[in-house]
Structures are given as C-alpha cells and as structure tokens.
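# Architecture and fold: a report
Below, each chain spelled out in residue letters.
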Amino acid sequence: MGETENHHHTPPPAQVAPAPGLPLGAARGPTWVPAEQLQQLHYCIHSNPSWPIACLLAFQHYIVMLGTIVLVTNALVPRMGGDNGDKARVIETLLFVAGINTLIQTMIGSRLPTVMSASFAFTLPVLSIINDYAERSFEDEHQRFLYTMRTIQGSLIVSSFLNMILGFSRAWGNLTRFFSPIIIVPLVSIVGLGLFARGFPLLANCVEIGLPMLVFLVISQQYLKGIHPVTEHLLERFALLLCIALVWAFAAILTAAGAYNNVKQQTKFSCRTDRSFLISSAPWIRIPYPFQWGTPIFKASHVFGMMGAALVASAESTGTFFAASRLSGATAPPAYILTRSIGLQGVGMLIEGIFGAPVGNTASVENVGLLGLTHIGSRRVVQISTAFMFFLSIFGKFGALFASIPLPIFAAIYCILFGIVAASGISFIQFANSNSMRNLYILGLSLFLGISIPQYFVTNTSPDGHGPVRTNGGWFNDILNTIFSSPPAVAMIVGTLLDNTLEWKHVDDRGLPWWRPFQRRKGDVRNEEFYSLPLRIHQYMPTRFL
C-alpha cells in the first residue's frame, strides 16, 4: 500500500511550515473562534418577524407540539378505560394547559422561546396508577377512567410543590452552579438523542408515509431553497408545513383507495387518516375547566412516584433551555433564570393537576429544534402559538382535524428536529478544552451511560409499567425506575459527579472562565438584555424569585 506498481516508495506529503507567528495548522485552513451566539439566525430571541410571517410560524409550532400530545394520549387513555371521546377531551385539556404554561414561561419564567408541552417522563407513575385500578371492579370502563384521572390529578397537585420548592428556594439554581460546558454537552445532546424511539422506529410503522415525509423535508428545506432568491426564505421557514400538507394528502388518497383495507390493525392505526376517530368524537365547542373529572384522589404511594417524574421533567427542561438559548441567539441561561423557570414549571404542574391533565409538563424538545430548522428564534412567535393552542382546544372539531395527522409524519419531523437539538449540545464543547483527555473521558462516559442505562431500564420494563427495580415499596420502585429511564437525568447525574470530582481543579480545561460570568446576574450585560422580565414586572416581585 505504501508502494507503487514499480515498487517505489511513495514520498510522504510535503509539510507546509506555518507562517511565522501563526499557530501550528493555521496555514492549512481557517480556524474558528468560539461563538457565544449563532450568527446565522434571521431573527433572534427579542427580534420579531412581520405579523403574517409570525402567525404562520406560530401555527407551525402548534403542529409540531401536537404530535407529542397525541402520542401521550394514545399511549395512556385506552389503558385507563377511556374511549375516543375521552381521548379527544384529554387532547383538548393538554393543549389548553400547554398554552397557559407556555405563556407563563415565556413571560415571567425562562423568557426563552420554549413551548411547554406534555412529558413522557410521567408515563411510569401513571402506568402504576392505572395498574392500581386494573383489578378493581367498576360500573363501566368510563368510571375506571374517571377514577384513574382523579388519582393522577391528586398526584400531580402534590408533586408540583416539589418543583416549586426546588425552584423558589433557589436549590435548583445552586445545583446548576456546579455545571460547566463539559456537563452541558452530554445533557443537551442526550435531550435530543435520548428520544430516538420517537424517530425512525415510529416512522417505520408506516414507511410509505413516513419516509417520503423525511426525504421531502430534507430536499425541499435544504436543497431546493437555493434555486431562487424568492424560495430561499420561503422554503427555509415553511417547507415543513408544505411537506405535511402534501404527505397528509397522499395518506388520505391511499386510505380512500383502500390500500389499508387488508393489513394488520397496527398498520391501519399508523397509516390511515380516519383511524383516530377524534373528529367524530370531539365536541364542537368545549372549554376545559378545573376538576372536570371530579374531586382529586390523593394516595401517598402514587405521589412519591410522581415526584420522581417531576425531578426528571426538571432535568429535561434544563437541558432543553440550554438548547433553546443556543438556537435563539441568546447566551446561556443564568442560574437565577433556571431556578425561576423550574419553580414556575411546578406552578404549571399544579395547573395541570387542577385542570385534569394526565401528565405533567416539560420544555418541548421538538419545538426548540424548530427554532434551528427555521433559523427564527423569536420569543413572540412562540407566544403567538399559544393562541392556536387555546383556540383549537376550545373548538374541538378543528383541533381534532390536525390531531388526526398520521403519527409517522410527526416521527419524520422529529428525526430532524431532535438531531438539531443534539447538535446544538455538541457545539458547547467549543468553550472547553476538547483536547483534554480528562474532558473526553467525562464526555464519553456521560454520553454512553446516558443512553445505555435508560435503554436497559426501558427494555426491562413490562407493558404494565413494572421496571427492573422491584422491591416491596412500590413508590420507591417508581422513583428509581422513572429517574433511571430518563437519558437527560442519567447524563446530568453522571456528568456532574465526574466533572466536580475528577481533576476538578483544572478550571481552564473545564471552560469555567467562560461559564462563570453567565451564572451571575451582573456577570454579563447580555443577561439583562435577554432574560429581564417585561413591563417592569420585577418591581412587584420579591427579589428571591427573580
């Protein structure tokens, strides 16, 4: 291999000596200076597109977050004994409280353009509640559904105070002071990569719909945008809506033509556009109201399991907030912002418990990925999207129309959006020493265990929600199984422990000189620019909550 046909040794390539005064390698190409803010965004966190464009982008955010809500509802409501009408009402409730929580976070919480939507972290404790009523006898299945929802309500209401205590006592902010870029990289990356099961595995349930959606979106949004100056911004911002409309219409044609008449039930459910039965079951007008399922039921064993999910949702939201700051052109959120946002996330869980949502909330990863896809990180766009959430949760028939989009279409979108979020996490390594073997060790172990440990727990969890930890204390099982089934929670635990105990005095290698100014209110002038409260609300709030 090192010789030619004539058996002569190939001379080694000539080494070009760098010009005097330049670092080694500078003569071979450009070197990139670390950038605290992305420069390719068309609109950053506090700049706003025109109202027509903002409204279309807001509708796009609504469509993207809708997929997770439908997934959560389809996974839980039938197991509770709910029918299609109950599914429609649960979707409406989740949309309504998502609108409230998104407004809270964007107005007085993190101030980042993040949608607060349903969290899968609550699945295990909810399944535990479902199993508790599985063997009991009720008049009918609807009564079992109501009892289950009331128990979930009570558990959410009590567990919400854990987030409020962690946030408003500044405990969560004090925890994040132990963070460094070496912890942020695996935390944010795993927030995206840890959701791989909602990507291609879900898409593969109906390849003939999901794969065209993935291919069309990549081609139209990345390749075709350059064919004409007019199409550049149009396709970059709205190719997702265009592709959804085309593939949805294609799925409707296949359904009407009878392509799925003689296939397995799972294929019908994934591919057909008329299998959700949401449109026929949803009421025309209905406003979700407090305690709509009845008086909450409080059971200590279920409350503790829900508290574990609340901790996991806090870890997931923290990673998502860092990704949102990166993709919206803001600097990293300071500790006082994170602690305030987690406290208000607890307030959001309390609202969800009162209104009767089946799960708590977390920052939507897919909507943060949409910021990077469209290059628009405007806070106002996300705030406008709450108008669609409220309107389409009240006028149920219209909301059910969009909720009937086949799930493989959403899965194709998530393949791209989750990847963008994961890549934004990797970009934080530029602020630390990427040539340090210590840092590489911590990054590698945090990333690998952040995927491997949750995969073990998920693989060994039975369909009824019983995980690998099986002691005599059901509440203890729920807490540990929930925490260690969450990739961001595991990555944060492993990364924080290693980074603060393994050669922790290597301050420069860890990137702390860059990191520390952002953790103090006055450490960087941009903290006030990006995260200050609107309309001088801070003048009327206690200092400890700011």
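Residues numbered from 1 in each chain as written. Predicted model: local features only at pLDDT ≥ 70, side-chain atom pairs only at ≥ 80, totals over all residues. Heavy atoms only, no water.

On to the overall build of the chain. Within the chain, the secondary structure is distributed over 23 helices and two strands. Since a compact globule built from 546 residues should have a radius of gyration of about 24 Å, the 24 Å found for the chain is in line with a globular shape. Each principal axis of the C-alpha atoms in the chain carries an extent, and together these give about 85 × 60 × 50 Å. Among the 546 residues that make up the chain, the fraction classed as buried is 56%. For the chain, restricting intrachain contacts to residue pairs at least 6 apart in sequence, the fraction spanning at least 24 positions comes to 84%. With an accessible surface of roughly 23100 Å², the chain has 65% of that area assigned to carbon and sulfur atoms. Charge centroids of the chain, computed over 35 positive and 27 negative side chains, lie 8 Å from each other. (Helix = DSSP H or I, 4+ residues; strand = E, 2+ residues; numbered from the N terminus. Rg over C-alpha atoms; globule rule 2.2 N^0.38 Å. Buried < 20%, exposed > 50% of the residue type's maximum accessible area, 1.4 Å probe, protein only. Contact = heavy atoms within 4.5 Å. Areas by Shrake-Rupley, 256 points an atom, 1.4 Å probe, with all protein chains shown as cover. Lys, Arg positive; Asp, Glu negative; His and termini not counted. Charge placed at Lys NZ, Arg CZ, Asp CG, Glu CD.)

So, about the nonpolar core. Formed by 148 residues in total, the largest nonpolar core has its most connected members in Tyr 62, Phe 122, Val 126, Phe 322 and Ile 409. Here this core gets 16 residues from one element, more than from any other, and that element is helix H1 (residues 51-80). For Val 126, the residues in contact, after removing those within four places along its chain, are Leu 76, Met 80, Ile 152, Met 306, Pro 358 and Val 359. (Core = buried A, V, L, I, M, F, W, Y, C linked by side-chain atoms within 4.5 Å.)

All told, the structure shown has 26 aromatic pairs when counted by the stated rule. Relative to Phe 390, the ring of Phe 96 lies with its centre 5.4 Å away and its plane at 65 degrees, an arrangement referred to as edge-to-face. One end of the pair, Phe 96, is in helix H2 (residues 84-108); the other, Phe 390, is in helix H15 (residues 379-394), and 294 residues separate them in sequence. Summarising the aromatic geometry, the rings of Trp 248 and Phe 402 are spaced 6.4 Å apart at their centres and angled 50 degrees between planes, so their arrangement reads as tilted. Taken together, the residues Trp 248 in helix H9 (residues 229-256) and Phe 402 in helix H16 (residues 396-403) connect sequence positions 154 residues apart. Exposure class is identical for Trp 248 and Phe 402. Each is buried. By the ring-pair criterion, three or more aromatic residues cluster together here, those being Phe 322, Phe 428, Phe 431, Trp 514, Trp 515 and Phe 518. In this structure, Arg 150 packs its charged tip against the face of Tyr 147, placed 5.0 Å from the ring centre. Taking the ring centre of Phe 428 as reference, the NZ or CZ of Arg 326 above it sits at 5.9 Å. (Phe/Tyr/Trp six-rings, centres within 6.5 Å; stacked < 30°, edge-to-face > 60°. Lys NZ or Arg CZ within 6 Å of the ring centre and 35° of its normal.)

So, about a nonpolar patch on the surface. The grouping of Phe 200, Val 207, Leu 211, Val 215, Phe 216, Val 218, Ile 219, Tyr 223, Leu 224 and Ile 227 at the surface amounts to a nonpolar patch, some 880 Å² of accessible area in total. It is helix H8 (residues 207-223) that contributes the most residues to the nonpolar patch, seven residues altogether. (Patch = residues over 30% accessible without salt bridge, like charges linked within 9 Å, V, L, I, M, F, W, Y side chains within 5 Å. Salt bridge = Lys/Arg side-chain N within 4 Å of Asp/Glu carboxyl O.)

To continue, consider the state of the cysteines. Overall, the coordinates contain one disulfide when judged by the stated rule. Note that Cys 206 is cross-linked by a disulfide to Cys 271, the S-S spacing being 2.0 Å. Classification of the bridge connecting Cys 206 and Cys 271 rests on its S-S torsion, roughly 130 degrees, and on that basis the disulfide is right-handed. Residue Cys 206 is located in the loop between helix H7 (200-203) and H8, and its partner Cys 271 is located in helix H10 (residues 265-271); the two are separated by 65 residues in the primary sequence. (Disulfide = S-S within 2.5 Å.)

Now for H1. Taking 1.5 Å as the rise per residue, H1 with 30 residues should run 44 Å; its terminal C-alpha atoms sit 42 Å apart, in good agreement. Considering bend angle alone, the principal kink of H1 is centred on Asn 74 and spans about 25 degrees; proline Pro 78 follows within four residues of it. Where burial is concerned, most of H1 is hidden: 22 out of the 30 residues are buried. At the exit of H1 stands Gly 81, carrying a positive phi of roughly 100 degrees. (Expected span 1.5 Å × (residues − 1). Bend = angle between axes of the 7 residues up to and from the residue.)

Moving on to the side chain of Asn 367. For Asn 367, the location among the structural elements is in helix H14 (residues 365-374). The exposure class of Asn 367 is buried, given its relative accessible area of 0%. Polar contacts involving the side chain of Asn 367 include one to the main-chain carbonyl oxygen of His 61, which spans 2.9 Å. Ignoring any residue separated from it by four or fewer positions in sequence, one finds Asn 367 in contact with His 61, Val 64, Met 65 and Val 115. (Polar contact = N/O pair within 3.5 Å; in protein donor to acceptor, adjacent residues only side chain to side chain.)

Interpretation note: all reported values are geometric properties and have no functional meaning in isolation.
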